Amino acid sequence: MSSGLEDVVAAETVLSDVDGEAGRLIIRGHPLEALAGHWTFEQTVHLLFGGFFDDLPDPERLAATLGQARVEAFDRARPLLPLLADLPVYDAMRTAIAPMPDGVTLDDALRLIAAPAVLIPALLRQSAGQDPIAPDPSCGHADDVVRMLGRDKGGAALDAYLVTVSDHGLNASTFAARVVASTQAGLTSAVLAGLGALKGPLHGGAPGPVIEMLDGIAAEGDAHAWIDRTLNHGDRLMGFGHRIYRVRDPRADALKAALHTLDRVGGRLEFAEQVERVALVALRQRKQSRVIETNVEFYTALLLEAVGFPKESFTGVFAMGRVAGWIAHAREQALTGRLIRPKSVYLEEGRARAA
Ligand code: CMC
């Protein structure tokens, strides 16, 4: 048995390759550096969806249809919003997605991509006591999300972020989505599985706690003391470490580059870089058997904060981008894979587990 399925190959995919030794992410033949900051999210969706939907139009038409899907998502969400007011933002988004049609067409796929993009800003505005802002289908996807949040800047940085997190090999949420799709269930079921797996702090739930760490250190004024105390307590530093990468996560650098396109991040970025340096030294000293480097979530936290998202929405914004990868993987699994059904080892009562 391989604990955590480490090093187990469980799928063949044309979608992305995570090279953990070289610190490289390839999305359908393109290195991440060639996509983030250069391609729009809509173009990346087109790239991921190629070959998985018979009626996939050209990228411009796809962007227009996605704009229309945002308008429909808003109309569907509006009456639901007051019913979701007491739930945390992520859970409210998941609840609003659950009753959506569970088909496998391009329309189903675009509806599922539009949903988090519309729901997260609307839910955030509702919790701040503000009216939701309707989408503008003529805007780019990321620009429209920023508009619906009530901001007028940060669309390009958010676009780079959504592209950066759109797909990433067989991560936990993508695997969960593929397991569901392997039963021939529909795309909403696969996306709900992905949303469930993404929520945890070992996967997509880390960036909120990164802000709490930075704020805790800023209040205390001593990064060494804060980090030592956390590690002595046996807790993990959020935004560091990865199952596959043994060098720096290339997504962290893509996001750092996107951060430089935003105004007024200089001081916060400098402070975060100081904390990052102290954390890496402390982790190297304590965990000599494992290379622990900065992962995507560290700079995600800074970027989403600078665009104007509150920390409780960060995992939902991650889902806004990753939903494209989940859907492409779900289609690939359903079209080319078999039912995923591994085995377990039965431990009779009292029998020790293998080390
Ligand atoms: N802080 C402190 N110790 C750590 C950390 C960390 N961030 N990451 C790993 N370790 C230690 C861990 O305690 C363990 O030590 P020991 O062997 O002494 O018990 C050892 O390293 C191996 O940990 P593991 O959980 O078996 O290793 P993994 O490869 O499954 O870890 C990880 C991957 C992401 C779960 C882990 O690094 C972690 O918990 N990081 C903090 C949470 C975080 O940043 N999550 C976002 C992940 S990136 C987004 C994505 O792609 O999903």
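Each chain carries its own residue numbering, running from 1 in the direction its sequence is written. In view of the model being predicted, local features appear only for residues whose pLDDT reaches at least 70, and side-chain atom pairs are presented and counted only at 80 or more, with totals across whole chains, interfaces and linings using the full set of residues. Remark: hydrogens and water are excluded; side-chain values derive from all non-hydrogen atoms of the structure.

Points about the overall build of the protein
Worth spelling out the cut-off: Secondary structure is summarised from DSSP: a helix means a run of H or I of at least four residues, a strand means a run of E of at least two, and numbering begins at the N terminus for each. Radius of gyration means the value over C-alpha atoms here, while the globule rule gives 2.2 Å times the residue count to the 0.38 power. We call a residue buried when its accessible area falls under 20% of the maximum for its residue type, exposed when it is over 50%, and partly exposed in between, using a 1.4 Å probe and counting protein chains only. Here, two residues are considered to be in contact whenever any of their heavy atoms come within 4.5 Å of each other.
Within the protein one finds 15 helices and 3 strands. Relative to the globule expectation of 20 Å for 355 residues, the C-alpha radius of gyration of the protein, 20 Å, shows essentially globular dimensions. Oriented by its inertia axes, the alpha-carbon framework of the protein measures out at about 55 × 55 × 40 Å. With 355 residues in all, the protein has 50% of them scored as buried. The contacts of the protein with a sequence gap of at least 6 include a subset with a gap of at least 24, amounting to 76%.

Concerning the sheet that holds strand S2 (residues 24–27)
Threshold: Two strands qualify as a pair provided DSSP detects at least 2 bridges between them.
The sheet built from 3 strands is open, its strands ordered S1-S2-S3 with antiparallel pairing. The outermost strands of the open sheet, each flanked by one partner alone, are strand S1 (16–19) and strand S3 (30–31). Where S1 meets S2, 4 bridges bridge the pair, whose relative direction is antiparallel. In the strand pairing of S2, Val18 is matched with Leu25.

Quick word on the packing of aromatic side chains
Defined as follows: Think of it this way: a Phe, Tyr or Trp ring, Trp meaning its six-membered ring, pairs with another when their centres are within 6.5 Å, and the plane angle makes it stacked under 30 degrees, edge-to-face over 60, tilted otherwise. In this scheme, Lys NZ or Arg CZ marks a charge over a ring once it lies within 6 Å of the ring centre and within 35 degrees of the ring normal.
For the structure shown, the criterion picks out 3 aromatic pairs. Pairing Phe240 with Phe298 gives two aromatic rings, centres 5.3 Å apart and planes at 50°, and the pair type is tilted. Taken together, the residues Phe240 in the loop between helix H11 (223–232) and helix H12 (250–259) and Phe298 in helix H14 (residues 296–307) connect sequence positions 58 residues apart. Relative accessible area serves as the criterion here: at 9%, Phe240 is assigned to the buried category. Considering the side-chain rings of Phe298 and Tyr299, the 5.2 Å spacing of their centres and the 80° angle between planes classify their relative orientation as edge-to-face. Following the ring pairs from residue to residue traces out a cluster consisting of Phe240, Phe298 and Tyr299. Arg331 extends its terminal NZ or CZ atom over the ring of Phe53, reaching a point 5.6 Å from the ring centre.

Description of the domain arrangement of the protein
Here is the rule we go by: Here the limits of each domain have been adopted from an automatic or database domain assignment. Buried area is understood as the total, over both parts, of accessible area removed when two parts are fitted together, assessed with a 1.4 Å probe. Salt bridges are defined as contacts in which a side-chain nitrogen from Lys or Arg sits within 4 Å of a carboxyl oxygen from Asp or Glu.
For the protein, the assigned domains read domain 1 (16–204 + 312–336) and domain 2 (207–306). Summarising the inter-unit geometry, the C-alpha centres of domain 1 and domain 2 are found 25 Å apart. Tallying the contact residues gives 28 residues for domain 1 and 26 residues for domain 2. Both sides together, the interface formed by domain 1 and domain 2 hides about 1900 Å², and carbon and sulfur atoms give 73% of it. Seen at the junction of domain 1 and domain 2, the total is 0 salt bridges. Looking at the side of domain 1 that touches domain 2, the elements that each hand over two or more residues are S1, S2, helix H1 (32–35), helix H7 (155–164) and helix H15 (314–336). Looking at the side of domain 1 that touches domain 2, the element that brings in the most residues is H7, giving 5 residues.

Here we look at the pairing of S1
Only one face of S1 is buried, namely the one carrying Ser16 and Val18, since none of Asp17 and Asp19 on the opposite face is buried. If you look at the hairpin formed by S1 and S2, you'll find 4 residues sitting between the two strands, and Gly23 has a positive phi there, around 70°.

Here's the deal with the site of the ligand
Spelled out, the test is: Note on definitions. A residue lies near a molecule or strand when any single heavy atom of the residue is within 4 Å of it. Here a polar contact is recorded for every N or O atom pair within 3.5 Å, except that within protein the pair must consist of a potential hydrogen donor and a potential acceptor, and residues adjacent in sequence are included only if both atoms are side-chain atoms. Under the convention used here, a 1.4 Å probe and the Shrake-Rupley method define accessible areas, while residue burial counts only the protein chains that appear. Polar here means any residue outside two lists: the nonpolar Ala, Val, Leu, Ile, Met, Phe, Trp, Tyr, Cys and Pro, and the charged Asp, Glu, Lys and Arg; Gly therefore counts as polar.
Around the ligand, 21 residues are found, and the nearest of them are His203, Arg236, Leu237, Phe240 and Arg290. Note that a nitrogen atom of the ligand is positioned 2.8 Å from one of the backbone N or O atoms of Phe240. Arg243 is positioned such that a nitrogen or oxygen atom in its side chain is 3.1 Å from an oxygen atom of the ligand. For the ligand, the protein covers 77% of the area, taking 930 Å² as the surface of the free molecule. Split into classes, the residues belonging to the shell around the ligand amount to 10 nonpolar, 5 polar and 6 charged. Taken domain by domain, the shell around the ligand gets at least three of its residues from each of domain 1 (16–204 + 312–336) and domain 2 (207–306).

A few points about the environment of His203
Among the structural elements, His203 can be located in the loop between helix H9 (187–198) and helix H10 (207–220). Considered as a pair, His203 and Ser138 are 65 residues apart in the sequence and their alpha carbons are 33 Å apart. Other than its neighbours up to four places away in sequence, His203 contacts Asn171, Ala172, Ser173, Ala197, Leu198, Glu297 and Arg322. Side-chain polar atoms of His203 contact the side chain of Asn171, separated by 3.3 Å.

A few points about H15
Put simply, the rule reads: Here, expected helix span is obtained from the residue count minus one, scaled by 1.5 Å. Fitting one axis to the seven residues ending at a residue and another to the seven starting there, the bend at that residue is the angle between the two axes.
Between the first and last C-alpha of H15 there are 33 Å, a value that for 23 residues agrees with the 33 Å anticipated at 1.5 Å per step. Along H15, the largest kink reaches about 45° and is centred on Arg322. With 21 of 23 residues buried, H15 lies mostly within the body of the structure.

Considering the pairing of S2
Where S2 meets S3, 2 bridges bridge the pair, whose relative direction is antiparallel. Within S3, the residue paired with Ile27 across the bridge is His30. Linking S2 back to S3 in an antiparallel pair, the connection comprises 2 residues, with Arg28 at a positive phi of about 45°.

So, unusual backbone geometry
A positive phi angle, near 45°, is found at Arg28, a position not held by glycine. Here Arg28 shows up in the loop between S2 and S3. Within the chain, Gln184 stands out as a residue other than glycine whose phi angle is a positive 70°. The class for Gln184 is exposed, based on a relative accessible area of 57%.

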